[in-house]
Amino acid sequence: MSVALAPPDVAPIPVLDPTPDTERYWDELNEAFQRVMRSGRFILGPEVEAFERETAAYLGARHAVGLNSGTDALLIALRALGVGPGDEVVTTPFSFFATAEAVSLLGARPVFADVDPATFNLDPAAAAVAVTPRTKVVLPVHLYGAPADLDALSALCDRHGLALIEDCAQSFGARHALGTTGTVGRAGAFSFFPSKTLGAYGDAGLLTTDDDALADEARRLRAHGGHRKYHNEVLGYNSRLDALQAALLRVKLPDVDAANRARQAAAARYTRLLEGVPGVVPPADQPGHVYHQYTVRIGGGRRDAVAEGMLARGVATAVYYPVPLHRLPPYAGEGFACPVAERLAGEVLSLPLWPAMDDATAERVVRTLHEVAAGVPSGGA
Ligand SMILES: *Cc1c(COP(=O)(O)O)cnc(C)c1O
């Protein structure tokens, strides 16, 4: 394959550009940074408490517990519900590794049920088939920011007496008819990894719940299993949220709805522009979708060649995720079959998207995609 370069006068388009946000909030971020540096309180403390109050109010949850990552939010939610060896957790194979990893780290077993080909999210019918007497939790992911089918999954959990835990790492601010994602199940696990719809300047996470006992247990587990320092009661974790991340996130929180609306507008623009592009399937228009990712499908085994061709012409894209979880080494030996997830893993391509992305950038992405996909010999590919 020949290597084509982007025209030298045009900057490459990244998958994600966080700099407009940082510039926009520069003064407030600096003020928050200085406030924390001068406070002498760097872990938990008043900034984290304020962030917990503000996120709980925004999301409509009774409790929000600040943690050091989305992975730990999953781990601590599962652990607080008593998930351990001998238990099964029904989940999606089409997600980031952490979703299943948290289950396995507790000695429990993730049971992968296939996804819906239109929404990419856990298929409630497949989840129902995967339930056994050992099942304790159903763990859907609101993939790419699109709420999973919480009506059907809540009903499934009610029928079998299971706990619903929502992996909301990609869906901060996404709303389902039953409520904001993260407030419908027993617990929600959020990530503020920098690329997410509410992004920190490092690792950060949050657990939400309406359950007083679960919140209390999460607070104990995040601080080495003790409510009081040096009076550790059980084995826990060091998973406390940094005051600095909380303070920086508080700057961006009031505008998260506006940012998500900008993502939705950018997605609608992509879908409009893609109408004339053959062989590229835009994502289904799902209510409440906040477009952490705008992900198209390109079939026929052409996806990787299209991505390479676009990159050669200065447009980065990303594949979330190239290998479904049940095919990764920790799980590959168990013989799970999830044909929809397997097909999607070979077809999905996420296009560049950030709230402040302009028309010209989106048009260039789609023009490049169109030309590359059609095999137009414009400088290679
Ligand atoms: C990002 C992500 C996580 C993990 O969050 P971290 O904050 O990076 O630990 C978990 N699940 C999904 C679906 C994610 O996208």
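Residues numbered from 1 in each chain as written. Predicted model: local features only at pLDDT ≥ 70, side-chain atom pairs only at ≥ 80, totals over all residues. Heavy atoms only, no water.

K.L.:
Run through the domain arrangement of the chain, naming residues and quoting values.
P.N.:
Looking at the assigned domains, one finds that the chain contains domain 1 (22-254) and domain 2 (255-374). Each of domain 1 and domain 2 has a C-alpha centre, and the two are 25 Å apart. Facing 43 residues of domain 1, the contacting portion of domain 2 comprises 34 residues. Taken together, the two surfaces of domain 1 and domain 2 that pack against each other cover about 3,200 Å², and 62% of this comes from carbon and sulfur. The three residues of domain 1 that bury the most area against domain 2 are Phe 94, Phe 112 and Tyr 144, which together make up 22% of that side's buried surface. Linking domain 1 to domain 2 there are 3 salt bridges. For the salt bridge of Arg 109 with Glu 334, the shortest nitrogen-to-oxygen distance reads 2.9 Å. Run the count over domain 1 and domain 2 and you get 21 residue pairs in polar contact (both at pLDDT 80 or more). (Domains from an automatic or database assignment. Contact = heavy atoms within 4.5 Å. Buried area = accessible area lost by both parts, 1.4 Å probe. Salt bridge = Lys/Arg side-chain N within 4 Å of Asp/Glu carboxyl O. Polar contact = N/O pair within 3.5 Å; in protein donor to acceptor, adjacent residues only side chain to side chain.)

K.L.:
Tell me what's going on with the site of the ligand, and back it up with residues and numbers.
P.N.:
Around the ligand there are 15 residues in total, and Gly 70, Thr 71, Gln 170, Ser 191 and Lys 196 lie nearest to it. Interatomic distance of 2.9 Å between a side-chain N/O atom of Asp 167 and a nitrogen atom of the ligand. Take Lys 196: an N or O atom from its side chain is 2.8 Å from an oxygen atom of the ligand. In the complex, the protein chains occlude 93% of the 380 Å² of accessible area that the ligand would expose alone. Spatially, the ligand is embedded in the largest pocket. Sorting the residues of the shell around the ligand by element identifies α4 (70-80) and α5 (98-105) as the ones contributing at least two each. Partitioning the shell around the ligand into residue classes produces 6 nonpolar, 7 polar and 2 charged. (Near = heavy atom within 4 Å. Areas by Shrake-Rupley, 256 points an atom, 1.4 Å probe, with all protein chains shown as cover. 1 Å grid on protein atoms, 1.4 Å probe; cavity = no way out; pocket = protein on both sides within 12 Å on 5 of 7 lines; lining within 4 Å. Sits in = over half its atoms within 2 Å of the grid points. Helix = DSSP H or I, 4+ residues; strand = E, 2+ residues; numbered from the N terminus. Nonpolar A, V, L, I, M, F, W, Y, C, P; charged D, E, K, R; others polar.)

K.L.:
Just give me the short version of the state of the cysteines, but keep the residues and values in it.
P.N.:
Summed over all chains, the structure comprises 0 disulfides. Take Cys 157: it sits in no disulfide, and the sulfur closest to it among the cysteines is that of Cys 168, at 14 Å. For Cys 157, a relative accessible area of 2% corresponds to the buried category. Free cysteine Cys 338: the closest other cysteine sulfur is in Cys 157, separated by 18 Å. The class of Cys 338 is buried, set by a relative accessible area of 0%. (Disulfide = S-S within 2.5 Å. Buried < 20%, exposed > 50% of the residue type's maximum accessible area, 1.4 Å probe, protein only.)

K.L.:
Can you break down empty space enclosed by the protein residue by residue, with the values?
P.N.:
Leftover empty space is mapped by rolling, across the atoms, a probe with the size of a water molecule. With the rule as written, the count across this model stands at 1 cavity of 30 Å³ or more. If you go around the largest cavity, the residues you meet are Ala 118, Thr 119, Phe 120, Leu 143, Tyr 144, Ala 146, Pro 283, Ala 284, Gln 286, His 289, Gln 293 and Thr 295. Residues that form the lining of the largest cavity fall into these classes: 7 nonpolar, 5 polar and no charged. Split by domain, the lining of the largest cavity shows at least three residues from each of two domains, domain 1 (22-254) and domain 2 (255-374). (Points joined across faces, edges and corners; volume = space filled by probe spheres on them.)

K.L.:
Pulling in residues and values, what's your account of the pattern of salt bridges?
P.N.:
Under the counting rule described, the total for this entry stands at 22 salt bridges. Of the charged contacts in the structure, one is a salt bridge between Glu 47 and Arg 250, with a shortest N-O distance of 2.9 Å. Note that Glu 47 is positioned in helix α3 (residues 45-59) and Arg 250 in helix α9 (residues 243-252), a separation of 203 residues in sequence. Residue class for Arg 250 comes out partly exposed when judged on its relative accessible area of 25%. In this structure, a network of salt bridges that share partners links the residues Glu 31, Arg 35, Glu 47, Glu 54 and Arg 250.

K.L.:
Could you give me a rundown of the sheet that holds strand β9 (residues 205-209), with the residues and numbers involved?
P.N.:
Within the open sheet, the 7 strands sit side by side as β1-β9-β8-β5-β4-β2-β3. Their pairing is mixed. Across the chains shown, the open sheet's two edge strands, defined by having one partner strand only, are β1 (63-67) and β3 (109-112). Taken pair by pair, the neighbouring strands of this sheet meet at an average axis angle of 25°, ignoring direction. The sheet contact formed by strand β8 (residues 187-191) and β9 spans 4 bridges and is antiparallel. What sits directly across from Gly 188, in β9, is Thr 208. Packing of α3 onto the sheet brings it into contact with β1, β8 and β9, and relative to β1 it is tilted by some 130°. (Pairing = 2+ DSSP bridges. Axes fitted to C-alpha atoms, helices over the stretch in contact; angles between N-to-C directions.)

K.L.:
Now, about the pairing of strand β2 (residues 88-91): what can you tell me, with residues and values included?
P.N.:
Residues of β2 alternate between two faces, with Glu 88 and Val 90 on one and Val 89 and Thr 91 on the opposite face, all of them buried. For β2 and β3, the ladder comprises 4 bridges, and the chain directions are parallel. Within β3, the position partnered with Val 89 by the bridge is Pro 110. Each parallel crossover has a hand, and for β2 linked through α5 to β3 it is right-handed. Relative to strand β4 (residues 135-139), β2 is paired through 4 bridges, and the arrangement is parallel. Bridge pairing in β4 links Val 89 to Val 137. (Right-handed = clockwise from strand over helix to strand, strands pointing away.)

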